[in-house]
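# Residue-level structural notes
Listed below are the residues making up each chain.
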Amino acid sequence: MIFTAIDEIKEELLKAFNKTYPDLVLSISDFKIERPKNLDFGDLSTNISMRLAKKLKQNPISIAERISNLITNEKWVYSFVKPGFINITFSDNFIFESMLEIIRSEGSMFSFDLGHGDKVQIEFISANPTGPLNVVNARAASIGDVLAKLFTRFGFQTEKEYYINDAGNQVEILGHSIELAMKKLNGEEVEFPENSYAGEYIFEIARELKAGFDSGNEDTNQPEKIRDLGLNSILQTQKNTIEKFGLTFDNWFSEKSLYSSAKHTEALKILKQKNLIYEKDGATWIKTTDLGDSQDWVLIKSNGSYTYLLGDIAYHLNKFERGFTKAINIWGPDHQAGVSRLQAALTAFEIPRDWLEVMIIQQVNLIRNGERVKISKRKGIFETLDKLIEEVGVDAARFTFLLRTTSSHLDFDIDLAKQQVSENPVYYIQYAHARLCSIFRKALESGIEFKIDNVKLEDVINSETRDVIRKIFEYTLILKSALISREPSRITNYSMELADIFHAFYHNFRIITEDKEKTISRLGICRILQIIFKDILDLIGVSAPEHM
RNA sequence: GCGCCCGUAGCUCAAUGGAUAGAGCGUCGGACUUCGAAUCCGCAGGUUGGAGGUUCGAGUCCUCCCGGGCGCGCCA
């Protein structure tokens, strides 16, 4: 298939170069093999001769000529062209065999081993347990889930983790907020301080606890119990939402557990030994300026409590000790300032700089009736994921979140996502899948059973199917690039292009006809498309309906 | 002031440093006796914010400028 093809081609090129230019030391990373955009340039192309023209003091095109004339192969043909590209065109037979392979494997071959079992951890959402999940959490959820699946597919041992911030000051504030709400429910005059939570969900919890107390449960009137019960209640709500969103985590990691295992004191000790700690104004500081950051930060406040940074350091030390070769954090836009100081701090513990990778997901703007929805976190007026699921459904929500590059702001048009019309891309893809399923149902009704052995080369590989086949061959490359660039949007964008080409193919060429052999061969193409659409929809967590 | 992100067609956005910058929506004009019209075909629409630089080759990398979003606490 195409991946092994790329490796084989690289080997062939290296061999040919070594033979032609024995003095040259050349490695695989010195050149690239890519998919040309223009069909006329073949199936693959390489820039190798242009890259080496200077070193060899030769014209790139003459290098390309010498090399491409040197290699012969039944599976593909080398040719050279003006600026100096070497283009590779697959033989019909190679394409045909690769396509049969896809059908036989039912899609299980859309992967190859990049990770060799390396352990990768992806941590995402990790929302404070002080309120329901919001739309930025949802964006992170969609992206993290797809990335985790991609890592797994490409041979990594992947773990999804949710970090529960159950130890900080925000939890105390949550407790106080619920207490205040309970007092208010009792008819007392209360005022919610600036930093408290006062959303409707706080009152719901308060009502529940109050009811418990009224019916004789003493626990629900003690501050610490209220805090813990409230926290658990919110955490459970978050878990329910996540489940509704079709997402599972391998691990829920409690911040509190870090402190009971004294991970933070261990970290402080090491930092002290390295002379990276000092006292100022009654607080304990870390000398991150010595580690490449632009300023120093407080680890222990003058009142003795710990900052978020210290917890994060301890947490990531713990992660590192768990043996992950890479840790990826997906953070919201409000955490961008935390990246450089955490990464700087971790270098003090002999953790490689590239071990922790932090992706900052950009903001989500909800658009309703053509206008941005205003958000006020403090008043508890913000768009929850639950509400979004209720309004547009999981499929449309997930697809929309995956439609844009992670570094771009995302305008989420609720009215569009709600519509079950053609402008809504998720239905365009699902429709393609449903239509493919329908074709096979129809074929069966006409008494045609699809059998792979009856698929004929000349009926499949011809000018009619050029575009479809070409797009099919791109699929695994797209998956790989989505993984490497950490951009699941590559997959959704590809799916739209594939659907585009399929619908056009469907219109131009009738699939089920009197000609039984031709029908079966065309069904072969449809089978591959069906496999790919199913695979994509599974990957991105969107349902693949057989009827619509 | 410092940092991150963005600037590409009327709108929303694509484009692993490669060859002629692509989609969708919107506008306009076409295609249903026949496998699903939730579809397809066609027209129009661009000096990739600006100026330099690196490179055989720049929307992409570097520097500066302009415009927009966000973040810069002994909050989390």
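Our structure's up above, just so we're on the same page.
Let me begin by describing the structure that accompanies this report. (Residues numbered from 1 in each chain as written. Chains lettered and ligands numbered in written order. Predicted model: local features only at pLDDT ≥ 70, side-chain atom pairs only at ≥ 80, totals over all residues. Heavy atoms only, no water.)

## Remarks on the overall build of chain A
Broken down by element type, chain A carries 19 helices and 15 strands. Seen along its three principal axes, the alpha-carbon backbone of chain A occupies a region of about 85 × 65 × 40 Å. With 548 residues in all, chain A has 53% of them scored as buried. Pairs at least 24 apart in sequence give 72% of the contacts found in chain A among residues at least 6 apart. Of the roughly 25800 Å² of accessible surface on chain A, a fraction of 48% belongs to carbon and sulfur atoms. Side-chain charges of chain A comprise 67 positive and 78 negative groups, with the mean position of each set lying 4 Å from the other. (Helix = DSSP H or I, 4+ residues; strand = E, 2+ residues; numbered from the N terminus. Buried < 20%, exposed > 50% of the residue type's maximum accessible area, 1.4 Å probe, protein only. Contact = heavy atoms within 4.5 Å. Areas by Shrake-Rupley, 256 points an atom, 1.4 Å probe, with all protein chains shown as cover. Lys, Arg positive; Asp, Glu negative; His and termini not counted. Charge placed at Lys NZ, Arg CZ, Asp CG, Glu CD.)

## Comments concerning the sheet that holds strand β3 (residues 76-81)
If you trace the four strands from one edge of the open sheet to the other, you get β1-β2-β4-β3, paired in antiparallel fashion. Across the chains shown, the open sheet's two edge strands, defined by having one partner strand only, are β1 (33-34) and β3. Relative to strand β4 (residues 85-90), β3 runs antiparallel, the two being bridged by six bridges. By the bridge assignment for β4, F80 is matched with I86. Packed on one face of the sheet, helix α3 (residues 60-70) meets β3 and β4 and runs near 160° to β3. (Pairing = 2+ DSSP bridges. Axes fitted to C-alpha atoms, helices over the stretch in contact; angles between N-to-C directions.)

## Quick notes on the sheet that holds strand β14 (residues 371-372)
Strand order in the open sheet formed by three strands is β14-β13-β15, and the pairing between neighbours is mixed. In this open sheet, the two edge strands, each paired with only one partner strand, are β14 and β15 (410-413). Sheet topology note: the strand β13 (residues 364-368)/β15 ladder contains four bridges and is parallel. By the bridge assignment, L366 is partnered in β15 with F412.

## Here we look at the side chain of E161
With respect to the secondary-structure elements, E161 resides in strand β6 (residues 157-164). Only 2.8 Å separates the side chain of E161 from the side chain of N251, close enough to count as a polar contact. When residues no more than four places from it in sequence are discounted, the contact partners of E161 are Q121, I122, E123, F124, F249, N251, F253, Y315, K319 and R322. (Polar contact = N/O pair within 3.5 Å; in protein donor to acceptor, adjacent residues only side chain to side chain.)

## Considering unusual backbone geometry
In the Ramachandran plot, H116 falls in the positive-phi region, its phi being about 50° despite a non-glycine side chain. Residue placement: H116 occurs in the loop between α4 (92-105) and β5 (119-123). Unusually for a residue other than glycine, I125 sits at a positive phi of about 65°. On the secondary structure map, I125 appears in the loop between β5 and α5 (135-153).

## A look at the environment of N134
You can see N134 is positioned in the loop between β5 and α5. We classify N134 as buried; its relative accessible area is 15%. Expressed as a C-alpha distance, the spacing of N134 and L388, which sit 254 residues apart in the sequence, is 8.9 Å. Polar contacts involving the side chain of N134 include one to the main-chain amide nitrogen of N137, which spans 2.9 Å.

## A few points about the nonpolar core
In terms of nonpolar packing, the biggest core is built from 129 residues, with F17, M99, I125, L150, I330, L388 and I491 touching the most fellow members. A per-element tally of this core places helix α19 (residues 516-540) first, with 13 residues. When sequence neighbours within four positions are dropped, the list of residues in contact with L388 reads V135, L366, G393, A397, F401, F412 and I414. Listed in part, the 28 residues of the second largest apolar core include L310, V339, W355 and I360. (Core = buried A, V, L, I, M, F, W, Y, C linked by side-chain atoms within 4.5 Å.)

## Remarks on the pairing of strand β12 (residues 356-360)
The buried fraction of β12 is high, at four of five residues. Bridge count for strand β11 (residues 326-331) against β12 is five bridges, and the pairing is parallel. Residue pairing across strands places W331 opposite I360, the latter belonging to β12. On the question of chirality, the crossover connecting β11 to the parallel β12 by way of helix α12 (residues 336-347) is right-handed. (Right-handed = clockwise from strand over helix to strand, strands pointing away.)

## What to know about the packing of helix α10 (residues 263-273) against helix α11 (residues 308-321)
The interhelical angle for the contact between α10 and α11, taken along N-to-C directions, is 95°, at an axis separation of 9 Å. In this view, α10 runs roughly perpendicular relative to α11, as classed from their interaxial angle. Contact residues: K263, H264, E266, A267 and L268 in α10; L310, I313, A314, L317, N318 and E321 in α11. A per-class count over the contact of α10 with α11 returns six nonpolar, two polar and three charged. (Parallel < 35°, antiparallel > 145°, perpendicular 65-115°, else oblique. Nonpolar A, V, L, I, M, F, W, Y, C, P; charged D, E, K, R; others polar.)

## Structural notes on the pattern of salt bridges
Enumeration according to the criterion identifies 27 salt bridges in this entry. The partner of R153 in a salt bridge is D535, and the shortest N-O contact between them spans 2.7 Å. Of the two residues, R153 sits in helix α5 while D535 sits in helix α19, which places them 382 residues apart along the sequence. For D535, a relative accessible area of 12% translates into the label buried. (Salt bridge = Lys/Arg side-chain N within 4 Å of Asp/Glu carboxyl O.)

## Points about the packing of helix α6 (residues 169-185) against helix α8 (residues 223-244)
A packed helix pair is summarised by two numbers, namely the angle formed by the two axes and the spacing between the axes. In contact at an axis separation of 8 Å, α6 and α8 are set at 105° when each is read in the N-to-C sense. Relative to α8, the element α6 is oriented roughly perpendicular. Residues V171, E172, L174, G175, I178, E179 and M182 of α6 pack against P223, I226, R227, G230, L231 and I234 of α8. Partitioning the contact of α6 with α8 into residue classes produces eight nonpolar, two polar and three charged.

## Description of α4
With 14 residues, α4 should cover 20 Å at 1.5 Å per step; its first-to-last C-alpha distance of 20 Å lies within 8% of that length. Those residues of α4 not exposed but buried are F94, I95, F96, S98, M99, L100, I102 and I103. At the exit of α4 stands E106, carrying a positive phi of roughly 55°. (Expected span 1.5 Å × (residues − 1).)

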